[in-house]
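Topology and contacts: notes
Listed below, chain by chain, are the residues.
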Amino acid sequence: MWELYDELITGISHDAIVDDMAIGVAGAYVRSGSGVGITSTADETWRESMLTKKSLGMPLRELAECVKSWSFEEASLGLAAINAWYNDITRLRTLGLDVPDAVHVEDRSADPFIVLQREMKEKNVTTIGHFPYIDQLLAPVCNLSVVEKFYPKEGDYPEQAADYLIPNSDYVVISAYTIVEKSLPRFLKLCRDDAHVTIIGSTSPVTPILRRYGVDDIAGFAVKNSEAAKNICLGFGGNIHSTGQKINYRTKVI
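Below: a short report on this structure. Computed from a predicted structure; not experimentally measured.

1. Brief notes about the overall build of the protein chain
A count of helices and strands for the protein chain gives ten helices and nine strands. With 254 residues in all, the protein chain has 52% of them scored as buried. In the protein chain, once contacts between residues fewer than 6 apart in sequence are set aside, the share between residues at least 24 apart is 65%. Here the protein chain has roughly 12,000 Å² of accessible surface; of this, 51% comes from carbon and sulfur atoms. For the protein chain, the distance from the average site of its 25 positive side-chain charges to the average site of its 34 negative ones is 3 Å.

Structure, rendered in structure tokens:
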């Protein structure tokens, strides 16, 4: 079950170190060189911390290991470390992605719900997470099922329903926070081989590694204003998307 996590961790250079980090009520933040990673957080802790020493200056790879923690707050910090490596602007450009230097870039083509809306017409679609605007964008055009664990709305399904809904879905959209919760590997195994699978959220690591586990699209985020992103994670207010650019990476060209 740890294969995906191990591959994400071992893809990080041994030379990368943690230059700055923070965790607050709104998210986790890690900076390594020019790379910045952010994640959402939840106050869910069952086990003691994996961290046993001061984090600043430690190898980024070592902090990334915390993504395996069963303290989900600490796991969020581990995923932020992973994102600091993979979502570095220079690294994203090597994937052929258009990431200009401007701090805030509004690109509607980076919204997977807009991109896939036409493809999803009359298809069975399951989302893990009740994402903004899907009731307007997707519900009118497809057979939409929404699985929501934290803040369910009327008509949403509990998480246990995913085992029944995903195998019958043509399109599956999964919140990247499932990496923190350790449920992503199970959800990916439930997907049909011919299903179109998208990982979505500023928590998403943008890397072709996920393609090997059946992911077709990654809708992630590149931070360009690191201090602003850090302050938002600490809870000082603001919209995280004002600090950078949404990224839509299709790991499989269709």
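Past the structure itself, the notes keep going.
2. As for unusual backbone geometry
One non-glycine residue, Glu-122, lies in the positive phi region at around 65°. You can see Glu-122 is positioned in the loop between helix 5 (112-116) and strand 4 (124-128). Phi is positive for Tyr-133, close to 75°, though the residue is something other than glycine. Within the secondary structure, Tyr-133 sits in the loop between strand 4 and helix 6 (134-137).

3. Some remarks on the sheet that holds strand 2 (residues 27-32)
Strand pairing within a sheet occurs via backbone hydrogen bonds; the two strands may be parallel or antiparallel. Spatially, the three strands line up as an open sheet ordered 1-2-3, and their pairing is antiparallel. At either end of the open sheet lies a strand with only one pairing partner, and these are strand 1 (20-24) and strand 3 (35-39). This sheet shows a mean twist of 5° between the axes of neighbouring strands, independent of strand direction. The sheet contacts of helix 3 (residues 72-86) involve strand 1, strand 2 and strand 3, and relative to strand 3 the element is tilted by about 150°. Here helix 10 (residues 226-233) sits on the sheet in contact with strand 1, strand 2 and strand 3, set at roughly 150° to strand 2.

Basis of the calculations
- Every chain is numbered on its own, with residues counted from 1 as its sequence reads.
- Where local features are concerned, this predicted model is filtered to residues with pLDDT of at least 70; where side-chain atom pairs are given and counted, the filter is 80 or more; whole-chain, interface and lining totals use all residues.
- Just so you know, side-chain values use all the structure's heavy atoms and leave hydrogens and water out.
- Note on conventions: DSSP H or I runs of at least 4 residues are helices, E runs of at least 2 residues are strands, and numbering of each starts at the N terminus.
- Here the term buried applies to any residue with accessible area under 20% of the maximum for its type, exposed to any over 50%, and partly exposed to those in between, with areas from a 1.4 Å probe on protein chains only.
- Working rule for contacts: check all heavy atoms of both residues, and any pair within 4.5 Å makes them a contact.
- The Shrake-Rupley method, run with a 1.4 Å probe, gives the accessible areas here. Residue values count only the displayed protein chains as cover.
- The positive count covers Lys and Arg only, the negative count covers Asp and Glu only, and His and the chain ends enter neither.
- For this purpose, a charge sits on NZ of Lys, CZ of Arg, CG of Asp or CD of Glu.
- By the convention used here, strands pair only if DSSP detects at least 2 bridges between them.
- With axes taken as lines fitted to C-alpha atoms, and helix axes fitted only over the stretch in contact, angles between N-to-C directions fall between 0 and 180 degrees.

Interpretation in functional terms is not warranted from these geometric data alone.
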